[in-house]
Amino acid sequence: MTTPRPVAATLALVALAPVALSGCGGDGDDGAEATAAAAPLAELDLALTSIGTFEQPISIVSRPDDTALFVAGFRGTVTRVDVAGEGADRTYTKGDVLLDIDDQVITEGERGLLDIEFSPDGDRLYVSYSAEPDGAHTVVSYAYNGATLDPGSRKEVFSLPDTEPNHNGGDLEFGPDGYLYYALGDGGGGGDPQGNAQNTDSLLGKILRLDPEGATGDEGYVVPADNPFAGGAGGGRPEVWAYGLRNPWRFSFDSRTGDLWIGDVGQGAWEEVDLLPAGEGGTGAGKGANLGWNEMEGSHGYEGGSNPEGAVLPVYEYALHEDGTCAVTGGIVYRGPYEDLQGAYVYGDSCQSKVRALRVEGGEVTEHVVFDDAGVEQLVSFGTDNGGDLYVVGMAAGEIFRIDDPTPGDGGGGDPTPSSSTDPPAPSSSSTEPPSPSSSTAPPTPSSSAPPAAPAAADEPGGLLAEYFPGVELAGTPGQTRIEPRVLLDYEHEPFEGFPADGWSVRWSGDLRVDTAGEYTLIVTSDEGARLWVDGQVVIDAWSAHSVRDDAVEITLAAGRHPIRLEYYDQAGVAFAKLSWAGPGISREVIPGPNLHPAT
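Residues numbered from 1 in each chain as written. Predicted model: local features only at pLDDT ≥ 70, side-chain atom pairs only at ≥ 80, totals over all residues. Heavy atoms only, no water.

Peer 1: Describe the sheet that holds strand β4 (residues 69–73), naming the residues involved and giving the relevant values.
Peer 2: One key point about sheets: their strands pair by backbone hydrogen bonds, in either a parallel or an antiparallel sense. Reading across the sheet, the four strands line up as β3-β4-β5-β6 and stay open at both edges, with antiparallel pairing between neighbours. The open sheet has two free edges, formed respectively by β3 (57–62) and β6 (91–100), since each of these has just one partner strand. In this sheet, neighbouring strand axes are inclined to one another by 25° on average, regardless of whether the strands run parallel or antiparallel. For strand β5 (residues 77–84) and β6, the ladder comprises seven bridges, and the chain directions are antiparallel. By the bridge assignment for β6, T79 is matched with V97. (Pairing = 2+ DSSP bridges. Helix = DSSP H or I, 4+ residues; strand = E, 2+ residues; numbered from the N terminus. Axes fitted to C-alpha atoms, helices over the stretch in contact; angles between N-to-C directions.)

Peer 1: Please set out the sheet that holds strand β21 (residues 328–333) residue by residue, giving values where relevant.
Peer 2: Taken in spatial order, the four strands make up an open sheet running β21-β22-β23-β24, and their pairing is antiparallel. At either margin of the open sheet sits one strand with a lone partner, and together these are β21 and β24 (364–375). On average, each strand axis in the sheet is inclined to that of its neighbour by 25°, with strand direction left out of account. Here four bridges tie β21 to strand β22 (residues 345–349), and the two strands are oriented antiparallel to one another. In the sheet register, T329 faces β22, and the bridge partner there is G348.

Peer 1: Give me the lowdown on the nonpolar core, citing residues and values where you can.
Peer 2: The biggest cluster of nonpolar side chains holds 55 residues, and the ones touching the most others in it are I116, V127 and W261. With 32 residues, the next largest nonpolar core counts A530, L532, I564 and L566 among its residues. (Core = buried A, V, L, I, M, F, W, Y, C linked by side-chain atoms within 4.5 Å. Buried < 20%, exposed > 50% of the residue type's maximum accessible area, 1.4 Å probe, protein only.)

Peer 1: Go over the packing of aromatic side chains with me, naming the residues and quoting the values.
Peer 2: Counted according to the given criterion, the structure contains 18 aromatic pairs. Here F70 and F118 contribute two aromatic rings whose centre-to-centre distance is 4.8 Å and whose plane-to-plane angle is 65°, an arrangement assigned as edge-to-face. Here F70, found in strand β4, pairs with F118, found in strand β7 (residues 113–118); they are 48 residues apart in sequence, far enough to count as distant. For the pair F70 and F118, one class covers both residues: buried. Relative to F174, the ring of Y126 lies with its centre 5.3 Å away and its plane at 70°, an arrangement referred to as edge-to-face. Here the residue Y126 occupies a position in strand β8 (residues 124–131), and F174 occupies one in strand β11 (residues 172–174), the gap between them amounting to 48 residues. The burial state of Y126 is the same as that of F174; both residues are buried. (Phe/Tyr/Trp six-rings, centres within 6.5 Å; stacked < 30°, edge-to-face > 60°.)

Below, the structure written as structure tokens:
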């Protein structure tokens, strides 16, 4: 993701419960202020223009003084996209694959290539990924001269061992001060069992602030002298800039004000957006800030916790799995060419897959909309070009879109949800919220859980019938049934309210539509037990507990529809299952909804 210069783009989230900003000062400029010329968000219609389809795109960024865009692929690639023309007449052409480190990147669970970013002078490309063989959190950089990337210039900037395949964070941003900010999740495992987020002697559950451009020799980075814990101040690690985070998948700096916005993926009940205002000169946003996890989840006490002294509550939060949500994708304040979006924070949710926006005035959310007509399947990231145009990345179908003229019209945002809160909720000693129907997952990777979908007829595409059973044997009557647009499951707790957190199973059934006859590879990624039937035959049988892995089968499929059934059970811990394919004209991807027909 990209933010320094006149850039602004990422996207993320849905919100249902606004909270007043507290615990962090500033210069009085919210950064997301409404402008006199801007229309109400609820009156806007967003147009999405496709710029192309890519293999599992995870991020799109621009480079200073370069018209090209650069797309990162989850499995380890970086592709240049050449842009010609102006305005709505621009064309986008895939150029060279600048980097392919597939053999160095592990894609187990939520691990993979997570983000890229260019240095402020554009001379080096920074890459954040999970490294083979054990998923170590890794940042490296390469020299790039605008035409070619030099693989021999690889320099390791940062490496930290990883023990769990989830909660990796991984976002990279050069801030308005020229330093590199790097997000790390709390280490995974559910609930931060090691207490990393609140422990400033740990680098996990943090945003780090590093100076790799000032490093010499074999140094990966030096620590800026004004970091809050530099020089032994406060007893924390000197790299730490902000802490108390669970999984800050995407964050960004407002390119006009320097304010820091964070989308922090929730545990089992609340997703949150955090706003940390900049100080004088547009720098210093978030210095030493505590965002509360795992004492708090959003503005609510987590498992008996209470808000730590001075900790910052979210400026906005929403209840998990409302309207198909599952994981916030942090966004950006729009500073592009369209007046009606000026000052709006644009974001989304990886499962709901709709563009959203909100505005903040005086520390409170005054407008919030969900653009129902602006849908992007598995929305994982946003980026901007050097003119400020906003791009939206959809990972599941691999398509990237440009947001075009949001002209006031009938309104694609549905009902606005303006803030009615004037004071933040008082910290509670114990959570009073009912259990969430499902736990949240990190959005970036293919691990986002599938959202509930509207019923679909068996002769219409739209996903598979999913039947959930409160036991591992798929026995008896399903406890819950719904149509899911794809098989993409990642739960840390119960999949539905009233279900057990462990010891349940699910069966997906329907038809697989094949448009081109030929040789296909079907891949089931799972932990614990999974088995797959095609045309009535068992083609993958992995019905035993195991760590997250791929099981694949090569199969010849005629054009037409083929009965398909996938079964999975969760015995303990994180539940993970995904159904992908590759074949004629198809690079590996999660099988999309248009190729799936639910059983009757």
